[in-house]
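What follows is the residue order along each chain.
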Amino acid sequence: MTAIPTAQATAPGIAGVARAATGRRRLRVSRRALRLLAVVMAVAFVSAVAWRVSKGHAQPLVRYQTAVVDRGPITAKVTASGALSAIVTVQVGSQVSGRVDHLYVDFNSPVKAGQLIATIEPSFFRAAVAQARANLAAGKAAFDRAVANRTLADLTYGREQILSGQKLIARADLDAAEAQALSCRADVDAARANLLQSQAALDQATLNLSYTRIVSPIDGIVLSRTIDVGQTVAASFQAPTLFTIAQDLTKMQVDTNVAEGDVGRLRGGMEATFMVDAYPGRVFRGVIRQVRDNASTLQNVVTYDAVIDVDNGDMSLRPAMTANASFVYAQRAGVVRAPNAALRFKPDAATAASMTGGAPVPSLRVDSDERMIWVLDGAMATPRVVHVGIGDGTVVEIAGGDLQAGDVVVTEAALLEGARHGS
């Protein structure tokens, strides 16, 4: 009798538990849905904001390399290479052939004008002089004999004329005497000519003998010697060079090869500086003596010789040293300077369109003394025309135009990968 009330009391409890479980499941589902809805709304909001930002502030897909325009000095100069040499250099040779008998100087020997520096074995030339003297003596004897014969012929002709006047000889005898007198006079003239030839031969032999003594023509220093004692010198076709003598190494010159595009900027009297490998960091100074009109062409490259006079009082410079010279032809102080790379930069059409954000690139007129330069403002770049002045190869003077110190100019620009594929 007690079991029925117990069962009736338990049934409502089970139903309540089931309802409570169902309520909790619905609550969890609704919370999950709310979280998903919040995530979707956030993503949509971010996408909308990004879309609006991208539409309102489009960023060009360009990578820039830039430089800053500044203010400072510019030195415009021409550079050239050349070689040092003495102002006067003489090559001493031999005018006669023979064996070198003695050497009296060597490399770097100081010499005076007229100083004996070498001799060629003179025996052959002394014999030639003796033979020429003998020939001259024989010529004198022949001349004296011809004079005597002429005197005799003249006397004979005179007597024949007297006898012919007295009708004591035939006319033929008188003519023969006259012919003999004329022949003897001709013999005298021939003997005189032979005598002169003998004298000339003696003079030549004596001169050749003097040429066996090689003397210095100038005061200076011996730069090179190309012979040794015992060596045979052959001077049959041209005089061989035995010594090279520099007159004065305290005064030297640099012969530079200046390109034809730069030669118009140089003039006589302009100062020049140069350096040599023997003294790194030391700067030598000189003055342009002349710019020679004689051009040199090597592999279709035309150069002109600008000669620099150099004071070498300390004798530190030596002939044939390579000199790297600079000639300053213009200087400016405190000018607006832009890098040369910015003036050389010329973007293609696609890059230019991206640099301007899609806006049309303005068509600007550029004269011969003007250049176009791209100035960066934020993420966009705009072209400007500027007047240019002197340059030093790295920067150039901005002589006019809308460009100021502190402006950022583009030296290189490239489209990014996405822009090249139209994304």
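Residues numbered from 1 in each chain as written. Predicted model: local features only at pLDDT ≥ 70, side-chain atom pairs only at ≥ 80, totals over all residues. Heavy atoms only, no water.

**Q** Where do I start with the overall build of the chain in this structure?
**A** Helix and strand counts for the chain stand at 6 helices and 19 strands. Looking at the chain residue by residue over its 423 residues, the buried ones come to 30%. Surface accessibility of the chain: about 25,900 Å² in total, with carbon and sulfur atoms responsible for 55%. (Helix = DSSP H or I, 4+ residues; strand = E, 2+ residues; numbered from the N terminus. Buried < 20%, exposed > 50% of the residue type's maximum accessible area, 1.4 Å probe, protein only. Areas by Shrake-Rupley, 256 points an atom, 1.4 Å probe, with all protein chains shown as cover.)

**Q** Help me understand the packing of aromatic side chains in this model?
**A** To describe a pair of aromatic rings, you give the distance between the ring centres and the angle between the ring planes. The tally for this structure, following the rule as stated, stands at 3 aromatic pairs. Where F124 meets F125, the ring centres are 5.4 Å apart and the plane angle is 85 degrees; that geometry is what we call edge-to-face. Overall, the relative accessible area of 8% leaves F125 in the buried class. Ring geometry for Y279 against F284: centres 6.0 Å apart, planes inclined by 65 degrees, an arrangement best described as edge-to-face. For Y279, a relative accessible area of 28% puts it in the partly exposed group. Taken together, the ring pairs connect F274, Y279 and F284 into an aromatic cluster. It is R282 that lies over the ring of Y279; its NZ or CZ is 5.6 Å from the centre. (Phe/Tyr/Trp six-rings, centres within 6.5 Å; stacked < 30°, edge-to-face > 60°. Lys NZ or Arg CZ within 6 Å of the ring centre and 35° of its normal.)

**Q** Help me out: how do you make sense of the sheet that holds strand β6 (residues 116-120) in this one?
**A** Strand pairing within a sheet occurs via backbone hydrogen bonds; the two strands may be parallel or antiparallel. The strand order β7-β6-β4-β9 describes an open sheet built from 4 strands, whose pairing is antiparallel. Two strands lie at the open edges of the sheet, namely β7 (213-215) and β9 (232-233), each paired on one side alone. With 2 bridges joining them, strand β4 (residues 98-103) and β9 adopt antiparallel strand pairing. The partner of G98 across the bridge, within β9, is V233. (Pairing = 2+ DSSP bridges.)

**Q** Looking at this structure, how should I read the sheet that holds strand β10 (residues 241-246)?
**A** What the 4 strands build is an open sheet, ordered β3-β10-β8-β5; its pairing is antiparallel. Whereas interior strands pair on both sides, the edge strands pair on one side only; in this sheet they are β3 (89-93) and β5 (110-111). Pairing geometry for β3 and β10, over 5 bridges, is antiparallel. Considered in β10, the bridge of G93 is made with T241.

**Q** Would you explain the nonpolar core in this entry?
**A** In this structure, L84, V258, L266, F274, V276, L317 and F327 are the most contacted members of the largest nonpolar core, which totals 25 residues. Where this core is concerned, the elements lending two or more residues are β2 (70-86), β11 (251-259), β12 (271-276), β13 (284-298), β14 (301-311) and β15 (322-339). Here this core gets 4 residues from one element, more than from any other, and that element is β2. Look past the residues within four positions of L266 in its chain and what remains in contact with it is V78, V258, I288, V291, A306 and F327. Formed by 14 residues, the second largest nonpolar core is a distinct cluster that contains V111, I214, F243 and I245. (Core = buried A, V, L, I, M, F, W, Y, C linked by side-chain atoms within 4.5 Å. Contact = heavy atoms within 4.5 Å.)

**Q** Hey, could you run me through the pattern of salt bridges in this one?
**A** As enumerated under the stated definition, the model contains 14 salt bridges in all. The residue D255 makes a salt bridge to R292 at a minimum N-O spacing of 3.9 Å. You can see D255 sitting in strand β11 and its partner R292 sitting in strand β13, a full 37 residues away along the chain. Residues joined by salt bridges that share partners form a network here, namely D106, R225 and D228. (Salt bridge = Lys/Arg side-chain N within 4 Å of Asp/Glu carboxyl O.)

**Q** How do you make sense of the confidence of the model for the chain when you look at a structure like this?
**A** Parts of the prediction with low pLDDT should not have their coordinates interpreted in detail. The predicted model of the chain has a mean per-residue pLDDT of 86, with 84% of residues at 70 or higher. Contacts from residues 1-12, a stretch scored under 50 in pLDDT, to residues over four places away or in other chains number 0 contacts. Counting interchain partners and residues more than four positions distant, the pLDDT-below-50 stretch residues 49-58 has 2 contacts. (pLDDT = per-residue confidence, 0-100.)

**Q** I tried to follow unusual backbone geometry on my own but got confused; where do I start?
**A** Outside of glycine, negative phi angles account for most residues, and trans bonds account for most peptide bonds. The backbone of N108 shows a phi angle near 65 degrees, a positive value even though the residue is not glycine. Tracing the backbone shows N108 in the loop between β4 and β5. Its identity is not glycine, yet A320 carries a phi of approximately 75 degrees, on the positive side.

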